[in-house]
Amino acid sequence: MTTRIVLVGVLAMLSPAALHAQNSIYGTRGIGFPGRPTSVRSLALGGGADMFDRGASLNPALAGTFRQVTVSVMSATTFRQFTANGVDASGLRETRFPMAFLGGGFRRSNLSYQLSVSTYAERTFDAQTTDTVILSGVPMQVQDQVSADGGVVDLRAAFGYTPSAKFAIGAAYHRLVGSSRFSATRTFESVEFQPFQEDDALRYSGNGFSAGVLWMPNPTVGFAFSGRLNSSLTGELDDQSTVDVGLPVSLSGGAWIGLGTQMHLTTTARWRSWSRGRDDLASTGTRAFDTWEVGSGLEIGSLVEGGLRFPIRFGVRYAQLPYSPNDDQPTEWNFAVGTGAPFAANRAVIDLALQRFTREGAGASEQGWYFAVGITVTPIQ
Amino acid sequence: MRSGTFLVVIGGLAMGVLACEESTTAPGVCPDFCPTGEIQLVDTVLVGVVEADTSFTGYVEPDGAIWMQVVGGDPGMGARSVMWYPRFRDTVQVDSISTGPVVELDSFRLDLVLVDRTSVPGLAVTVHRLPPTVDRESDFSSLDPFFEDSTVVGTVVIPDGVFDDTVSAIIPADAFPTFQEDSQQVALGLSIRGSTPAFATFETRDANLGALLQRFVKIEASPGDTVERLDFVAPEFDTFVDTDLTAPVAGSLIVGGTPSSRTFVRVLLPPSIMDSSDIVRAHLLMIPIEPAMGAPGDTLQLVAEPMGADFGPKSPIIASHDSVLVKTSVGVGTLDTIPVDISAIMAFWQGDPEQVRILVVRTRFEAASMAEVRMGSTRTLGFQPLIRVTYVPPFSFVQ
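Since the model is a prediction, treat every value here as computed from it, not as a measurement.

(A) Geometry of the overall build of chain B. Tallying secondary structure elements over chain B gives three helices and 24 strands in all. Over its C-alpha atoms chain B spans a radius of gyration of 31 Å, topping by over 25% the 21 Å that the globule rule assigns to 399 residues. Relative to its full complement of 399 residues, chain B shows a buried share of 39%. Taking as baseline every contact in chain B between residues at least 6 positions apart, the subset at least 24 positions apart corresponds to 82%.

Given below as structure tokens:
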């Protein structure tokens, strides 16, 4: 009981402010860089297991698979560099807690639940520029720094029902919250000029609804589908001014193929209509595009009884990015590896994933590594 | 837990902890990947935002100033310093316990603390003997009889290149033939003689001790035994008197002079600047209508401070510490526009919108010099005060 309380407490302590995913230069546009509702295991599989891994929050039908209380948290660190319009930046590093959930079942029923928090969009950046302005006919060097820290967090309450071992359905309500704390400063070469600083916070709010199904007709194949509708995302500044940005409809599908008892292949594809926000973002010079994401992964071994102690996971993923300053839509490739290990008398699992990402387009390119570690605990079995 | 699992667990956690240091600052790539537009900067001169202005005189008299000035060599203007000393005692300290009567007066030494001067070679200040009973309210011309050749008792030579130091003159005892009759009391005057315009400025008793006068004497330490000793007195009253400057043009704004004048300015910046923008620099531009007056080579330092309330001439100043005052130097003879830095005042007003939007311009050390500037007011066409302001309009984090 004490263990359960501690684990729930750890989950509760993960405030929305800490729940942001990997950052990117492409996150300076629109509502930020889209988060991935994925688990560490699925991350290592290139996101291919997003529709089948209940640590990922893409398919609410998976909420129906919980029978015991289960808690999971994820920490991830990004190491990245980018080149854009002749400007190089390297050594950038951020650590975030992009995903956490609590799941469990209702006694003597096939109904179960999952509460999760994950990143919907990351809006963290810290950009410095140097310029020369003419003041009273005299050139003056100025240094600007515009930064934001925060993002949009997806709070999800999902309920799933499993009428049989082969089928599950689920639905979820999503509440979008979070904030970005903005700061803009300008310092002058001359001390005669007072430094300029303005701070503000943009608080986000929105709603969403998702539904999904999981169908495993036999032990060697499975399918999953889910869809999600969102309201507009409303951002409100300290001065009460608001901005609305249309959020996408999302449709996802996945396939699971067992290649024997110790190997399986998973694939997930997702389409999102980010262009719904095109008109809202036009005044900022931001183009919004619909996106496709496809990821596949191969897992050799498993953590179930009799499986390999350390399963090996590989994955590859291709994704289009939603926002661009021009007509060139950026894209992303991910290559990932990972593993996992049970401990604490098989009541806990640690998963590790290392992902190499490259992003290209819109006059910029970005590369880096993304390291994630997750711990999932089922205190009572 | 098996050793392999243990290593995976510990390794994963350690990497997570070690990676916690953040490094997110990167060069901005504008405009394509600049987050929310650029910080705009507006640098403009605003006409007509000085709603009202006026000057008042009489705040500080020269006898309350921290400096006193001596000006000479210019037939059109002059200034003399005058110091009255308390009477010297009949006895002088022999040691820390006993005193002895003065049996012989040898000489005096006058120490002046120089704070500014004209950079002319061979500058010397003449020391005059004045009757201690002379009226302390005397003006420049009424003291003329006491600044004749016959009253000269010494000369303070100011070495070339020395601008701030203590300078001295030795005055023989016989320079004060009525010393005993005057109850051992002395009054001294300072002047600059010659035909080269020059000035020197010294500290007064309001700054520190002022011009110390030391006395070298022999005293009877014990019957039949005399020793040499010295004692000193600081002035009990010091001031300077100057010639009257020409009358100012009607409606002009005045800062400086003796007694000191201050200029009050009511500023009414547009709400779009005061309420919504960040002012990074602001200057009150004052346009002289006459060359700055005063001793040739002298410089005024102007400062601006906000008023706490509007009670006319007696409006209280919200005094700023001298270290945070931004000084504007104005050389005597200049006709250049005078930019008085009011950035801090603007920031203060922006932080407290209820404050009365009046500022006062004064000299940093009031009545410490005869220098004075006369500037155009809202009533003098073509010479009205202006405000030059550099500000950042509201920055929009969401465009």
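(B) Seen up close, the overall build of chain A. Summing up its helical and strand segments, chain A has three helices and 20 strands in all. A compact globule built from 381 residues would reach a C-alpha radius of gyration of about 21 Å, and chain A, at 22 Å, matches this within 12%. Referenced to the eigenvectors of the C-alpha coordinate spread, the extents of chain A come out at roughly 80 × 40 × 40 Å. Residue burial in chain A is summarised as follows: out of 381 residues, 50% are buried. Expressed as a percentage of contacts within chain A between residues at least 6 apart in sequence, the contacts between residues at least 24 apart total 65%.

(C) Up close: the interface of chain A and chain B. Contacts between chain A and chain B engage 55 residues on the former and 40 residues on the latter. Taken together, the residues of the side of chain A that touches chain B sort by class into 30 nonpolar, 16 polar and nine charged.

(D) Looking closely at helix α3 (residues 343-351) of chain B. Among the residues of α3(B), those classed as buried are B:Ile345, B:Met346 and B:Trp349. Summarising the axial view, the buried residues of α3(B) lie within an arc of 100°, below the 170-degree limit, and thus occupy one face.

(E) View of the pairing of strand β5 (residues 77-84) of chain B. Residue and element names in this part refer to chain B. Counted residue by residue, β5 has seven buried out of eight residues, so it is predominantly covered. Alignment of strand β4 (residues 67-74) against β5, held across two bridges, turns out to be antiparallel. Note on β5: the bridge partner recorded for Asp-74 is Met-77. Hairpin geometry of β4 and β5 is characterised by an intervening segment of two residues between the two adjacent antiparallel strands. Note: β5 against strand β15 (residues 237-242), six bridges, orientation antiparallel. Across the sheet, the residue bridging to Trp-84 is Phe-237, located in β15. As paired strands, β5 and strand β11 (residues 187-191) are joined by four bridges and run antiparallel to one another. Within the sheet, the bridge partner assigned to Val-82 lies in β11 and is Gly-189.

(F) Layout of the confidence of the model for chain A. Taken over all residues, the pLDDT of chain A has a mean of 89, while the share at 70 or more is 92%. Every residue in residues 1-21 of chain A scores below 50 in pLDDT, and together they form 43 contacts with partners more than four places removed in sequence or on other chains.

(G) Focus on the sheet that holds strand β24 (residues 386-392) of chain B. Residue and element names in this part refer to chain B. With antiparallel pairing, the four strands of this open sheet are ordered in space as β2-β24-β18-β21. With one partner strand each, in any of the chains shown, β2 (42-46) and β21 (338-341) form the two edges of the open sheet. Strand after strand, the sheet turns through a mean of 25° between neighbouring axes, direction not considered. Along the sheet, α3 makes contact with β18 (278-286) and β21, crossing β18 at roughly 125°.

(H) Structural view of the nonpolar core. With 164 residues, the main nonpolar core has B:Leu110, B:Ala304 and B:Leu359 as its most contacted residues. Those residues in contact with B:Leu359 that sit more than four places away from it in its chain are B:Val265, B:Val267, B:Ala304, B:Glu305, B:Pro306, B:Met307, B:Ile342 and B:Ile345.

(I) How the structure looks around the confidence of the model for chain B. Here chain B averages 90 in pLDDT, while 93% of its residues score no lower than 70. Taken together, the chains of this predicted complex give a pTM of 0.74 and an interface ipTM of 0.76.

(J) Fine view of the pairing of strand β19 (residues 348-361) of chain A. Residues and elements named next belong to chain A. In the sheet, strand β18 (residues 331-343) pairs with β19 via 13 bridges, with the strands oriented antiparallel. Across the sheet, the residue bridging to Thr-339 is Leu-352, located in β19. Here 14 bridges tie β19 to strand β20 (residues 364-377), and the two strands are oriented antiparallel to one another. Paired with Leu-352 across the two strands is Val-373, which belongs to β20. Hairpin geometry of β19 and β20 is characterised by an intervening segment of two residues between the two adjacent antiparallel strands and by a positive phi of about 60° at Ala-362.

(K) Examining unusual backbone geometry more closely. With omega at -15°, the peptide bond leading from B:Thr258 into B:Pro259 counts as cis. Position of B:Pro259 relative to the elements: it lies in the loop between β16 (253-256) and β17 (261-267). Of note, the phi angle at A:Ala345 is positive, near 55°, even though the residue is not glycine. By secondary structure assignment, the location of A:Ala345 is in the loop between β18 and β19. For A:Ala362, which is not glycine, the phi torsion reads 60° and is therefore positive. Considering the arrangement of structural elements, one finds A:Ala362 in the loop between β19 and β20. For A:Ala362, a count of 23 C-beta atoms within 10 Å gives the class buried.

(L) Structural detail: the environment of A:Gly253. All names here are of chain A. With respect to the helices, strands and loops of the structure, Gly-253 is situated in strand β12 (residues 250-258). Gly-253 sits in the partly exposed class, given 17 other C-beta atoms within 10 Å. Each C-alpha atom, one on Gly-253 and one on Leu-265, is 14 Å from the other, the two residues being twelve residues apart in sequence. Aside from chain neighbours lying at most four places away, what touches Gly-253 is Met-51, Ala-224, Phe-225 and Ala-269.

(M) Inspection of the environment of B:Ile345 at higher detail. All names here are of chain B. Its location among the elements puts Ile-345 in helix α3. Residue classification places Ile-345 among the buried positions, given that 26 C-beta atoms sit within 10 Å. Taking the C-alpha atoms as reference, Ile-345 lies 22 Å from Gln-40; in sequence the two are 305 residues apart. What Ile-345 contacts, discounting residues up to four positions off in sequence, is Ala-304, Pro-306 and Leu-359.

Cut-offs used in this document
Sequence order sets the numbering: in each chain, residues are counted from 1 along the sequence as written. Just so you know, chain letters begin at A and ligand numbers begin at 1, following the order they were written in. Side-chain atom pairs in this predicted model are given and counted only at pLDDT of 80 or more, local residue features only at pLDDT of at least 70, and totals for whole chains, interfaces and linings cover all residues. Helix and strand definitions follow DSSP, with helices as H or I runs of at least four residues and strands as E runs of at least two, each counted in order from the N terminus. What the globule rule says is 2.2 Å times the number of residues to the power 0.38, and the radius of gyration is computed from C-alpha atoms. Three exposure classes are used. Buried residues have 20 or more other C-beta atoms within 10 Å of their own C-beta, exposed residues have 12 or fewer, and partly exposed residues fall in between, all C-beta atoms being placed from the backbone. Two residues qualify as a contact pair if the distance between their C-beta atoms, derived from the backbone, is within 7 Å. Amino acids outside the nonpolar list (Ala, Val, Leu, Ile, Met, Phe, Trp, Tyr, Cys, Pro) and the charged list (Asp, Glu, Lys, Arg) are all regarded as polar, and Gly is one of them. Here the arc refers to the set of directions running from the helix axis out to each C-beta atom. By the convention used here, strands pair only if DSSP detects at least 2 bridges between them. The pLDDT score gives, residue by residue, the confidence of the prediction method on a 0 to 100 scale. Angular values range over 0 to 180 degrees, each being the angle between N-to-C directions of two axes fitted as lines to C-alpha atoms, with helices fitted over their stretch in contact. As used throughout, a nonpolar core is a set of buried Ala, Val, Leu, Ile, Met, Phe, Trp, Tyr and Cys residues joined through C-beta atoms within 7 Å of each other.

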